[in-house]
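A look at the structure
Letter by letter, the chains look like this.
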Amino acid sequence: MLSSILTTSLLFAGAAIAAQASSASSSSSPAVVCVAGQCLEGYTNTTIGATLSASGAATSLLLLPGQYTSSTNPALLHNLLTSSSASLALSPGFEGNTSLPLNLALQPGVAVYPQANYSGQATFAELPSKPSNSSLKITPGSLALASNVWVAISDSSNDRVIFWDSVPDVSQLPSGASGLSQLLDIQSSACSPPCAGAGVCSASGMCVCPTGFNGTSCETCAPGFFGPSCQACPADCATCDDGMTGSGRCLEPVIKNAPSTCNCLNGVCNSDGSCTCNAGWTAGTNGTACAKCATGFFLNSDGNCEVCGLGCTQCADGNGECITCKSGFTQNANDQTQCFAAQSTTSTGTVCPDGSFSNGTTCQPCSPLCQTCSGPTSSDCIICGAGKYTLNGNCVGASGNGVCDGSSLVADNNKHECDTCPSKCTTCQYPSFNVASTIDQVQCTGCLSGYVLSQGKCVESCPTGTFLDPKDNVTCTACDSSCSTCAGSSTFCLTCANNQLASGGKCVASCPSNSFSSSGQCVTCHPDCATCSGSAFNQCSSCPADRPVLTNGRCLPTCSKGQFFDKTSSACQSCDASCSSCSGAGPSNCLACSSSSQVLRGGTCVSASCNGTSSVISGLGICLSDLVYVPPPSGTSSKSPLPSLTGIDSPISNSNTTVVKRPLQWWEILLMALGCAFIFVCFLMCWRRRMRKRRAAATANFAAAKNLNHSKGWRYRLVRFGERLFGHKKSQRWMVPPEHEEDIRMEKLRAAEEARYGRDVEKLRRESSMRTDRDLEKLIGSYEYSRAGSSRAPSPLPSLRDYDGDRHSHKASSHGSDPRARVANDLAQESLYSQVTGQPRRAPEPRQPVRNAADLLPSRFSNTTYSSWLTPDPTPGPQVHAAPTPAQEYARSVTQLGAQPESPPQRGAYWLQPTSTGGSRNPFLR
């Protein structure tokens, strides 16, 4: 079996090569055919693509479909592409210009060539913009298809063959796809999901819908269209039974001169925009025409204005009870809707009978038109005579239909007046009028716009079992007895009686195959379906011949690329691995090859075996060497030798490469500027982020030093986010937690106070330092130190023991004793060390004779330093008192602390409390 297949393939290949060589050699003049990267000189009849030429060029080039740039080899092709005088002659279906890069491709559609190898004058069929049921008769020798396009062509057995790829030679197709004769359909495969049968998929991937269709896949009818073909509703219908399954029945006719167009309620609009009210109606208080009952009429329970009773000029709405009677009339006590006239009497008291009236002295006869009267004329009638009815104060007759003469009112035998027609009626009459007829028998003969006439009444729509007669679009006519509801005519049934089903206006026992039963009707399936379970286009049960593929409830025209429709299983099956597309199972039913190194021979994909360095052209399925016949160099061919062309085989050299420098376009400059601005903004943001991090770190250090690190709640995080987003402003106080504002304020006050105190202390320190230096010099010069047992005189320093802590004793000693004696006594006491510690000194007692008693050390502190209780009271006379020295004051404070229990410091003595003097034992240092 395999050997027979190979033998058949080789025979087909040999025949094809021979046919191609014969076809190519039939060209009379040599040509150069090029694809991107290769050119071949020889004889060819191929016309696909475009012819490239330039002034001064040695020859023109036939460019096959592909993309060409300024760097495309060989040099001959490059020179013509970059020539300033280059021009293109396009074959049918191609479009383009000489600007580079050049993308030479077939437009959406199919190009049909009468000969193999894309030879002869092509016929191009573009992708349609709307569906068409017509077919195009063709006799193809080869087919060129645009990308993402498939075509359906009928074969000799009238089966649909789907092509997805170009076919270089129709004779090499499998036997099941031979005899192609009619182009049935062209579709784009770019739409997902696929379009419905009414739509056409465009190259952009959108379904294009014809007039009347709607939906993303053109699967439904637009509003106002009905039926499988989505035809328009009748012109005189505002709304109809529309949709794919609609019948087109008029649901609401177009209302001409509707009362609302002229601000009118119960009247007819005129051509000039005015409104003519029905009898009994007048303009309302809000300006709306015919909105309330006129004088002498009342609004009854049916919403109509009815005339008041005889002799009544004003009556109440609803029941019609008389509110005001005419002059000379009195309301009837038994029937308050009526007013009766007082009996006419003469001056002698004689009561005038009916048909007469009193002229004062005698009774005179009434007019023949009156039954009772108040005067001699017909306008004086109170009750009109037999066959006459009151109208605007006069007695008028009535026609055989009960219509009052000269009006549209009807006669009311009960009221003896002309009364109004029923609600919404423009005209009315009695079916059979006589003296016994009642007003309830009146029937409408005309209705206001927007109302229809049904059984003598004006209603908004026809009741069930009737239909609107299309002859006048006013009268409701009864349906045939076989129909429960109908439309258009009495026999076009929408629903049927006796449990039958309505199908196409007729009553049937069961629905046809292309419909389904729903609510007593046979609803037609979607046009894409043969049979269905619902009205939608994705509820198909079986499919028609032109859309045979049933997938997820939808009927599609074709399987996917790489599949074929198997009629036996009514399903899509995968092609053989060697086939890109196919018409049946197995490797011998290929329509195109999946490998770029194979070509189609008799429906089978075989090795291309291209001559020389040529290869299979992408998208065309044929070798370049098969398109061009190159005579052998031996000279045995009848063809003349090929001319020598420079650059046909040589690549582009650096010297031949032309670098075209063009000025930048405005949008390129704008793009570069925007890019630079973007980079600058990014750098600025990074720098700002770094600065913010450094500032945040400094803030954290400060907070740690000041013990301000507290828990961070959502408010704190919100504030920090706002700082990162909008920037930081130091002046915003809300950036500090409220609970720490007082701490920070006190910290600032403390720092200011410390700074001020530091300046004052520094000033005092400088002044005190100068005084201390002088005092130390005097102190050192006034004392001499000696060992124990020294023969010197006792020290003349004043004794600290003699100081009296009491204010009065201090004053006494200051006023009464001799200063020199007190000083001598003080200096003879124990040392300061013994006084402070209570222990005798272990070292020799220092003693120093007073060199000059007048030069005793003064205090480092002024008198203002002491408390006021230590300051002597002012006494008359020039008395000079020496203040105690700091050493004496210190010793006194220590003695008192040791001798007395602790007590709160008294006023003026707080500065005498002992303080730490560090490691020094010198009591003079503080």
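Conventions adopted
- Residues numbered from 1 in each chain as written.
- Predicted model: local features only at pLDDT ≥ 70, side-chain atom pairs only at ≥ 80, totals over all residues.
- Heavy atoms only, no water.
- Helix = DSSP H or I, 4+ residues; strand = E, 2+ residues; numbered from the N terminus.
- Contact = heavy atoms within 4.5 Å.
- Buried < 20%, exposed > 50% of the residue type's maximum accessible area, 1.4 Å probe, protein only.
- Pairing = 2+ DSSP bridges.
- pLDDT = per-residue confidence, 0-100.
- Disulfide = S-S within 2.5 Å.
- Phe/Tyr/Trp six-rings, centres within 6.5 Å; stacked < 30°, edge-to-face > 60°.
- Lys, Arg positive; Asp, Glu negative; His and termini not counted.
- Salt bridge = Lys/Arg side-chain N within 4 Å of Asp/Glu carboxyl O.
- Patch = residues over 30% accessible without salt bridge, like charges linked within 9 Å, V, L, I, M, F, W, Y side chains within 5 Å.
- Areas by Shrake-Rupley, 256 points an atom, 1.4 Å probe, with all protein chains shown as cover.
- Core = buried A, V, L, I, M, F, W, Y, C linked by side-chain atoms within 4.5 Å.
- Axes fitted to C-alpha atoms, helices over the stretch in contact; angles between N-to-C directions.
- Polar contact = N/O pair within 3.5 Å; in protein donor to acceptor, adjacent residues only side chain to side chain.
- Expected span 1.5 Å × (residues − 1).
- Arc of directions from axis to C-beta.

The subject of this paragraph is the overall build of the protein. On a plain count of helices and strands, the protein comes out with ten helices and 62 strands. Expressed as a percentage of contacts within the protein between residues at least 6 apart in sequence, the contacts between residues at least 24 apart total 41%.

For the rest of this paragraph, the subject is the pairing of strand β12 (residues 149–154). Extensive coverage of β12 is indicated by the burial of six of its six residues. Neither face of β12 is exposed, since Val-149, Val-151 and Ile-153 on one face and Trp-150, Ala-152 and Ser-154 on the opposite face are all buried. As judged from the four bridges shared by β12 and strand β13 (residues 160–163), these two strands associate in the antiparallel manner. For Ala-152, the partnering residue across the bridge sits in β13 and is Ile-162. As consecutive antiparallel partners, β12 and β13 are separated by five residues, and within that stretch Asn-158 has a phi angle of approximately 60°, a positive value.

For the protein, the mean per-residue pLDDT works out to 80, and 78% of the residues sit at or above 70. Across residues 1–23, where pLDDT falls below 50, the model places 16 contacts with residues more than four positions away in sequence or in other chains. Low pLDDT (under 50) marks residues 850–880, which in the prediction has 45 contacts with non-local residues, meaning those over four places away or in another chain.

Looking now at the state of the cysteines. One pass over the full model with this rule turns up 34 disulfides. A disulfide bridge connects Cys-425 with Cys-444, and the sulfur atoms are separated by 1.4 Å. Of note, the bridge from Cys-425 to Cys-444 carries an S-S torsion of about 50° and is right-handed in sense. Of this pair, Cys-425 sits in strand β41 (residues 425–429) while Cys-444 sits in strand β42 (residues 443–447), and the two are 19 residues apart along the sequence. Comparing Cys-425 with Cys-444 shows no difference in burial state: the two are buried. Here Cys-686 is not disulfide-linked; the sulfur of Cys-682 is the nearest cysteine sulfur, at 6.7 Å. Judged by relative accessible area, which is 54%, Cys-686 ranks as exposed.

The four strands are arranged β10-β14-β12-β13 in an open sheet whose pairing can be described as antiparallel. The strands lining the two open edges of the sheet, one partner per strand, are β10 (136–137) and β13. With two bridges joining them, β10 and strand β14 (residues 182–188) adopt antiparallel strand pairing. Bridged to Leu-136 within β14 is Leu-183.

All right, on to the packing of aromatic side chains then. The full count for this structure, using the stated rule, is three aromatic pairs. Summarising the aromatic geometry, the rings of Trp-150 and Trp-164 are spaced 6.4 Å apart at their centres and angled 40° between planes, so their arrangement reads as tilted. You can see Trp-150 sitting in strand β12 and its partner Trp-164 sitting in the loop between β13 and β14, a full 14 residues away along the chain. Note on accessibility: Trp-150 and Trp-164 belong to one class, buried. Relative to Phe-433, the ring of Tyr-430 has its centre 4.9 Å away and its plane inclined at 40°; by these criteria the two rings are tilted.

Turning next to the side chain of Arg-692. Turning to its location among the elements, Arg-692 is positioned in helix α4 (residues 666–705). Here Arg-692 is buried and forms no salt bridge, its nearest opposite-charge partner Glu-723 lying at an N-O distance of 6.0 Å. With sequence-adjacent residues up to four places away left out, Arg-692 is seen in contact with Glu-723, Arg-724 and Leu-725.

A cluster of nonpolar side chains, Phe-680, Val-681, Phe-683, Leu-684, Met-685 and Trp-687, forms an exposed patch at the surface whose accessible area comes to about 680 Å². Looking at the element boundaries, Phe-683 is found in helix α4. The class for Phe-683 is exposed, based on a relative accessible area of 57%.

A cis geometry characterises the amide bond from Asn-73 onward to Pro-74, with omega recorded as -5°. When you line up the elements, Pro-74 lands in the loop between β5 (66–68) and α2 (75–81). The residue after Ser-192, namely Pro-193, is reached through a cis peptide bond having omega 0°. Topologically, Pro-193 is positioned in the loop between β14 and β15 (200–201). Phi at Cys-230 is positive, roughly 55°, even though this residue is not glycine.

Let's shift gears to the nonpolar core. Within the largest apolar cluster, 66 residues are counted, with the highest numbers of intra-cluster contacts made by Leu-63, Leu-64, Leu-77, Val-110, Phe-163 and Leu-173. Setting aside its immediate chain neighbours within four residues, Val-110 contacts Thr-123, Phe-124, Ala-125, Leu-143, Ala-144, Leu-145, Val-151, Leu-183 and Ile-186. Listed in part, the 19 residues of the second largest apolar core include Tyr-389, Cys-404, Cys-428 and Tyr-430.

Turning to the pattern of salt bridges, a few remarks are in order. Think of it this way: side chains of opposite charge can pair up when their charged atoms draw near. For the structure on display, the rule yields twelve salt bridges. As a salt-bridge pair, Glu-723 and Arg-720 come within 2.6 Å of each other at their nearest N and O atoms. Highlighted residues: Glu-723 and Arg-720, both in helix α5 (residues 714–726), separated by three residues, approximately one helical turn. Accessibility assignment for this pair places Glu-723 and Arg-720 in one class, buried.

Turning our eyes to something else, we now look at the sheet that holds strand β8 (residues 109–113). Strand order in the open sheet made by the three strands is β9-β8-β11, with antiparallel pairing throughout. Edge strands, defined here as strands with exactly one partner in the open sheet, are β9 (123–126) and β11 (142–145). If you compare each strand with its neighbour and ignore which way they point, the axes differ by 20° on average. Pairing between β8 and β9: four bridges, direction antiparallel. Of the residues in β9, the one forming a bridge with Gly-109 is Glu-126.

Another point: the pairing of β11. Neither face of β11 is left uncovered, since the one carrying Ser-142 and Ala-144 and the one carrying Leu-143 and Leu-145 both have all their residues buried. Summarising the sheet, β8 and β11 pair through four bridges and their orientation is antiparallel. By the bridge assignment, Ala-111 is partnered in β11 with Ala-144.

With that settled, the discussion passes to the side chain of Gln-187. On the secondary structure map, Gln-187 appears in strand β14. In terms of polar contacts, Gln-187 uses its side chain to reach the backbone amide nitrogen of Cys-201, at 3.4 Å. The contact partners of Gln-187, leaving out residues within four places of it in the chain, are Leu-127, Asn-148, Val-149, Trp-150, Gly-199, Val-200 and Cys-201.

So, on to α4. For α4, spanning 40 residues, the distance from its first C-alpha to its last is 58 Å, which sits close to the expected 58 Å at 1.5 Å a residue. Taken together, the buried positions of α4 are occupied by Glu-668, Arg-692 and Ala-703. If you follow the buried residues of α4, they end up packed against α5. Of the residues flanking the end of α4, it is Asn-707, one or two places downstream, whose phi is positive at about 55°.

Here we come to α5. In this model, α5 (13 residues) spans 18 Å end to end at C-alpha, consistent with the 18 Å of a helix rising 1.5 Å per residue. Listed as buried for α5 are Val-719, Arg-720 and Glu-723. Each buried residue of α5 sits inside an arc of 100° when the element is viewed along its axis, so together they form one side. Summarising the geometry of α5, the exposed residues directed more than 90 degrees from the buried face are Trp-714, Leu-718 and Phe-726. Packing partners of the buried residues in α5 comprise α4. Note on α5: the residue one or two positions beyond its end, Gly-727, has a positive phi of about 100°.

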